[in-house]
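Read off the chains here:
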Amino acid sequence: GAGVSQTPSNKVTEKGKYVELRCDPISGHTALYWYRQSLGQGPEFLIYFQGTGAADDSGLPNDRFFAVRPEGSVSTLKIQRTERGDSAVYLCASSFGLAGGDTQYFGPGTRLTVL
Amino acid sequence: GDSVTQMEGPVTLSEEAFLTINCTYTATGYPSLFWYVQYPGEGLQLLLKATKADDKGSNKGFEATYRKETTSFHLEKGSVQVSDSAVYFCALRSGGSNYKLTFGKGTLLTVNP
């Protein structure tokens, strides 16, 4: 079956612009996660959805970052007024379990470059 | 807070050599431990996991044992292949949060024929 997909695979934008990154989880997975991977680092947790609601958004770095999952499936990570420091690979993962304790399956990521 | 420290890379080995990638952790409670692998051009994949002390996770010839006394989860393989070339990430999921993964920085492994 299809895995987690993310679009676009690459996004180049200018400082100050708004961007949206999309994640399509595995069908039937109720839990969805966003991570950010900076160069030379491991992924860092941003936000976790259980269904439509953000159960934990403690990893979002500031209020320029926002994520939604309106129908409990596809999620969009939105970044306002982008800064050069936002450049990173943004990873999405999904899991089946209601409590999020199951294996997380990762997408290929979106590489964001802010010029 | 939770943290994972893993061996700095890059690691370069010849085919059929023995591999160890060290990983130690700091966590509250009783975490679950994971190794993820990222092959060139692909997303992160779960390689193996262990959910309690003394458990051994294994997959594709790789093994790691959850050592609570040394807070370690070292990855080993007896004979590496060129196809094992990838970046390996150690990660934990704290007992206090059954969803948030905390990753190490990753170790690049290159296996030469």
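Now for a quick tour of the structure. Note that residues are indexed from 1 along each chain, following the sequence as it is written. Here chains are named by letter from A upward and ligands by number from 1 upward, in the order in which they appear as written. With the structure being a predicted model, the display of local features is reserved for residues of pLDDT at least 70 and the display and counting of side-chain atom pairs for 80 or more, all residues being used for whole-chain, interface and lining totals. Only hydrogens and water are removed before side-chain values are computed, so all heavy atoms of the structure are retained for them.

## Concerning the overall build of chain A
Tallying secondary structure elements over chain A gives zero helices and 11 strands in all. Only C-alpha atoms enter the radius of gyration; for comparison, a globular chain is expected to reach 2.2 Å times N to the power 0.38, where N is the number of residues. Taking 13 Å as the expected radius of gyration for a compact globule of 115 residues, we find that chain A reaches 13 Å, a close match to that expectation. Its C-alpha atoms give chain A principal-axis dimensions of roughly 40 × 25 × 25 Å. Throughout, the Shrake-Rupley method with a 1.4 Å probe supplies accessible areas, and for residues the shown protein chains are the sole cover considered. Summed over its atoms, the accessible surface of chain A is roughly 5400 Å², and 50% of this surface lies on carbon and sulfur atoms. Of the side-chain charges in chain A, 11 are positive and 11 negative, and the distance between the mean point of each set is 8 Å. Put simply, DSSP marks the helices as runs of H or I at least four residues long and the strands as runs of E at least two long, and each gets a number from the N terminus on. Positive charge is attributed to Lys and Arg, negative charge to Asp and Glu, and no charge count is given to His or to the chain ends. Lys charges are placed at NZ, Arg charges at CZ, Asp charges at CG and Glu charges at CD.

## Some details on the side chain of B:Lys77
All names here are of chain B. One can find Lys77 in strand E9 (residues 75–77). A 3.5 Å cut-off defines polar contacts: any pair of N or O atoms within that distance qualifies, except that in protein one atom must be a possible hydrogen donor and the other a possible acceptor, and neighbouring residues in sequence count only when both atoms are side-chain atoms. Of note is the side chain of Lys77, whose polar atom sits 2.8 Å from the side chain of Asp84. Contacts: residue pairs with any heavy atoms within 4.5 Å of one another. Discounting chain neighbours no more than four positions away, the residues touching Lys77 are Ala17, Phe18, Leu19, Lys60, Gly61, Phe62 and Asp84.

## Re the sheet that holds strand E3 (residues 19–24) of chain A
Residues and elements named next belong to chain A. A pair of strands is labelled paired if DSSP reports no fewer than 2 bridges between them. Here we have four strands laid out as an open sheet, ordered E1-E3-E8-E7, and antiparallel in their pairing. Bordering the open sheet on either side are strand E1 (5–7) and strand E7 (65–68), each of which pairs with just one other strand. Taking the axes of each pair of neighbouring strands and ignoring which way they run, one obtains an average angle of 15 degrees across the sheet. The axes are straight lines fitted to the C-alpha atoms, using for helices just the contacting stretch, and the angles between their N-to-C directions are given from 0 to 180°.

## A closer look at the state of the cysteines
All names here are of chain A. By definition, disulfides here are pairs of cysteine sulfur atoms that lie within 2.5 Å. Enumeration according to the criterion identifies two disulfides over all chains in this entry. There is a disulfide in this structure between Cys23 and Cys92, and the S-S distance comes to 1.9 Å. On the sign convention where negative is left-handed, the bridge of Cys23 and Cys92, at about -65 degrees about the S-S bond, is left-handed. Taken together, the positions of Cys23 in strand E3 and Cys92 in strand E9 (residues 88–95) put the pair 69 residues apart, joining distant regions of the chain. Residues Cys23 and Cys92 agree in their burial class; the two are buried. Here's how the labels work: a residue is buried when its accessible area is under 20% of the maximum for its type, exposed when over 50%, partly exposed in between, all with a 1.4 Å probe on protein chains only.

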